[in-house]
Structure formats: C-alpha cells, structure tokens
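Take a look at the letters that make up each chain.
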Amino acid sequence: MSFNLDDFFNIKNWQQIFTTDIFSAGFLVNVLDILVVWYLIYKLIQLVRGTKAIQLFKGVAVFIAIRLGAELIGLHTLSWLMDQVITYGVIAAIVIFQPEIRRGLEHLGRTSLFLASKSEQREEEKLIKALDKAVQYMSKRRIGALITIERNTGLEEYIETGIPLDADITGELLINIFIPNTPLHDGAVIVRQDKIAVACAYLPLSESMLIPKEFGTRHRAAVGVSEVSDALTVVVSEETGDISISLNNELRPGLSQEEFLDLLQAELVSETTDSKKGILQSFIDGVSGVGKGGKK
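Residues numbered from 1 in each chain as written. Predicted model: local features only at pLDDT ≥ 70, side-chain atom pairs only at ≥ 80, totals over all residues. Heavy atoms only, no water.

In this section: the sheet that holds strand 2 (residues 163–168). Strand order in the open sheet formed by seven strands is 2-4-3-1-5-6-7, with mixed pairing between adjacent strands. Both edges of this open sheet fall to strand 2 and strand 7 (250–252), since each of them pairs with a single strand only. Strand-to-strand, the axes of this sheet are offset by a mean angle of 20 degrees, without reference to chain direction. Looking at chain direction, strand 5 (residues 232–236) and strand 6 (residues 243–247) are connected through four bridges and run antiparallel. Looking across to strand 6, one finds that Thr233 is bridged to Ser246. Strands strand 1 (145–149), strand 5, strand 6 and strand 7 of the sheet are contacted by helix 10 (residues 217–228), whose axis makes an angle of about 175 degrees with strand 5. (Pairing = 2+ DSSP bridges. Helix = DSSP H or I, 4+ residues; strand = E, 2+ residues; numbered from the N terminus. Axes fitted to C-alpha atoms, helices over the stretch in contact; angles between N-to-C directions. Contact = heavy atoms within 4.5 Å.)

Dropping the structure here:
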C-alpha cells in the first residue's frame, strides 16, 4: 500500500486500518509506512531546528493540524478550506520563498562529494593570509575598509556598481586600495573566485534597528549585504580600528586576530565545509541562509 496524502486525511482509512487484523501483512506494512514518514519528519525537524526555515515548517504544521482536527470533529467547511490552503499553499510558498529556495538549490548544486583539492585549499589559505595581513595593518593605523567575499549567492548587481579590477589578491593591494584620499578607497572591495573583482562598489545598507548607533555606514553596508546573501564581509573601523565580520544577518564586532583567523578558517576553507555534509543538510543550510561553514 503506497502512501497517499488524500488517504492520510481520510478518517475512514484510519478506521479501516485499526479494524484490520493487527497481525496481517497489510497492517504491518501500514505501520512501517507510518514509522518511516515520522522518522523523516523527525530528521527534518532536527535539521531545521535553530534556523530560519523552522518558522516555515511551523506554519505548515499548524495548517495540517487544523485540517486533521476539522476532519475528526466533522467541520466539513473548515476541512474543505484547509484542503484549498494546503493545495494552493504549495504554489504560494514557492513564489513567496523563491529566493530562499533558489539559494538552497544553488547551495545543493555546489555541494562537493569529495574533499577539496590541495590547490583549492592553497588558494583559500592564500586568501586568508592576504586578508589577515591587510586587515591587521589597517586596524593598527585606523584605516577604514570594507571587503565582501562572494560565496554561493551571486553578487553581480553589486559588482556592477564598482570599478573592475580582476586582480590577484594580495595584502599589499588591499592596503593600497583603502589608503585614504585615493580614487578607490571609498566603497567596498568584492572578492569573487579568489580574485578582487571590483573596488569602490556600493552595498545595500541595513535598516535594522538592532545595529548599535556607534556603528557607521560601513557596518550597516556589511550587515545589509549579509541580509540578502550568504556573503562574508570584513569591516575595519576608521574610528576605532576594530575588526568586525558580518555573516548571515549577524555582525560580530571587536574580533581579536585569533578570533578573526578562526572564523575565516571555519567559513572559507573547504575541508571544513559542505563536503562533509549530507545533501539534505546542504539544501536546508542554503534555504536557511547558513553560511559555507555551517555557522549561524
């Protein structure tokens, strides 16, 4: 007996199940069918727990509970209404959550079945060293900087606002870009595929009231781009020299050099990323906006 959603909501089918001989093969198959479904639901809840996707699944669970309750009580009009909501709600959810679903599919498509090659790891380590060298230099001298690293979600619309460079990443180049009163120092550097794609780019400013007022435009831009993508953004404060990282709609200010390097290592080095995740987990991470390293 195959599982059918209409059969699941039909109270007569449930009555038939429990009036059948419990030792029959058909009854045991039905029990196994239910156990498998509940196990999958349980694992799905475990994956989305603590992520943004849990809110969506809570809403779906409420509609299903109302549908079952209406059928059991005999509220036929409400039951019919819930049928329409569930039927057309799938289409509505695809439209409403299109960006999250697309990001999840992109995340899934980029999931590797194998560990990254040594050459890829060397490029990632090179990027981290260049960022550390530039950021520590600018932090000590209070040179403001804004560096965004593109990951799974494309940043093409923001790259188009900048001045193209397509240059290899070095600490010296990053420092020179942000030296005050130079043509490229204002705006953001965007890194794409281990190259500096553009400088002087404009990022969306966050309107969140949760950002402390002592943080300026650079920090709001860093949080803003993290609200619309999974990009990792490094900020050096011009006023205090503090180092911050924005990721997944969260700003992590006042990082020490050790904390800064640990966070970059966890988020950017392939050996600790999606290659060790299951396919379903990778999709959930993408939908939920969880970054490359799986950290929220």
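The final tally for this structure, using the stated rule, is zero aromatic pairs. The ring of Tyr137 is capped by Arg141, whose NZ or CZ atom sits 3.8 Å from the centre of that ring. (Phe/Tyr/Trp six-rings, centres within 6.5 Å; stacked < 30°, edge-to-face > 60°. Lys NZ or Arg CZ within 6 Å of the ring centre and 35° of its normal.)

Another point: the side chain of Ser229. With respect to the helices, strands and loops of the structure, Ser229 is situated in the loop between helix 10 and strand 5. Only 3.2 Å separates the side chain of Ser229 from the backbone nitrogen of Ala231, close enough to count as a polar contact. Apart from the residues lying within four places of it in its own chain, the contact partners of Ser229 are Thr153 and Leu155. (Polar contact = N/O pair within 3.5 Å; in protein donor to acceptor, adjacent residues only side chain to side chain.)

Here the focus is unusual backbone geometry. At Arg142, a residue that is not glycine, the phi angle is positive and equals roughly 55 degrees. With respect to the secondary-structure elements, Arg142 resides in the loop between helix 7 (118–140) and strand 1. Residue class for Arg142 comes out partly exposed when judged on its relative accessible area of 49%. Of note in the backbone geometry, Asn249 takes a positive phi value of approximately 65 degrees without being a glycine. By secondary structure assignment, the location of Asn249 is in the loop between strand 6 and strand 7. Since its relative accessible area comes to 37%, Asn249 is described here as partly exposed. (Buried < 20%, exposed > 50% of the residue type's maximum accessible area, 1.4 Å probe, protein only.)

Relative to the elements of secondary structure, Ser244 occurs in strand 6. If we skip the residues at most four places from it in the chain, Ser244 touches His219, Thr233, Val234, Val235, Leu251, Arg252, Pro253, Gly254 and Leu255.

What follows deals with the nonpolar core. Grouped burial of nonpolar side chains is what soluble globular proteins tend to show. Counting 32 residues, the largest nonpolar core has Val189 and Phe260 as its most contacted members. Elements with a contribution of two residues or more to this core: helix 7, strand 1, helix 9 (171–178), strand 3 (188–192), strand 4 (195–201), strand 5, strand 6 and helix 11 (257–268). For this core, the element with the highest residue contribution is helix 7, accounting for seven residues. Here Phe260 is in contact with Leu131, Asp132, Val135, Gln136, Val234, Ile243, Ile245 and Leu255, once residues within four sequence places are set aside. One finds Leu146, Tyr158, Ala188 and Ala197 within the second-largest nonpolar core, a separate group that totals 15 residues. (Core = buried A, V, L, I, M, F, W, Y, C linked by side-chain atoms within 4.5 Å.)

Following the sequence through the fold, Lys140 ends up in helix 7. What makes Lys140 exposed here is its relative accessible area of 70%. With 102 residues separating them in the primary sequence, Lys140 and Asp242 have C-alpha atoms 8.9 Å apart.

As a further point, take the pattern of salt bridges. Tallying each qualifying case throughout the model produces nine salt bridges. The partner of Arg67 in a salt bridge is Glu71, and the shortest N-O contact between them spans 3.2 Å. Placement of the pair is Arg67 and Glu71 together in helix 4 (residues 53–73), with a separation of four residues, close to one helical turn. Arg218 is the partner of Glu238 in a salt bridge, and the nearest nitrogen-oxygen pair spans 3.3 Å. Separated by 20 residues along the polypeptide, Glu238 in the loop between strand 5 and strand 6 and Arg218 in helix 10 bring together distant segments of the chain. One continuous salt-bridge network, built from bridges that share partners, spans Arg67, Glu71 and Asp83. (Salt bridge = Lys/Arg side-chain N within 4 Å of Asp/Glu carboxyl O.)

Next up on the list: the confidence of the model for the chain. Chain-level pLDDT for the chain is 78 on average; 70% of the residues reach the 70-or-more range. Residue range residues 289–296 is modelled with pLDDT below 50. Its contacts to residues more than four positions away, or to other chains, number 37 contacts. (pLDDT = per-residue confidence, 0-100.)

A cluster of nonpolar side chains, namely Val62, Ile66, Leu72, Ile73, Leu75, Leu78, Trp80 and Leu81, defines an oily patch on the protein surface of about 780 Å² accessible area. Those elements that place two or more of their residues in the nonpolar patch are helix 4 and helix 5 (76–96). Among the elements that line the nonpolar patch, the one with the most residues is helix 4, at four residues. With respect to the helices and strands, the residue Val62 is situated in helix 4. (Patch = residues over 30% accessible without salt bridge, like charges linked within 9 Å, V, L, I, M, F, W, Y side chains within 5 Å. Areas by Shrake-Rupley, 256 points an atom, 1.4 Å probe, with all protein chains shown as cover.)

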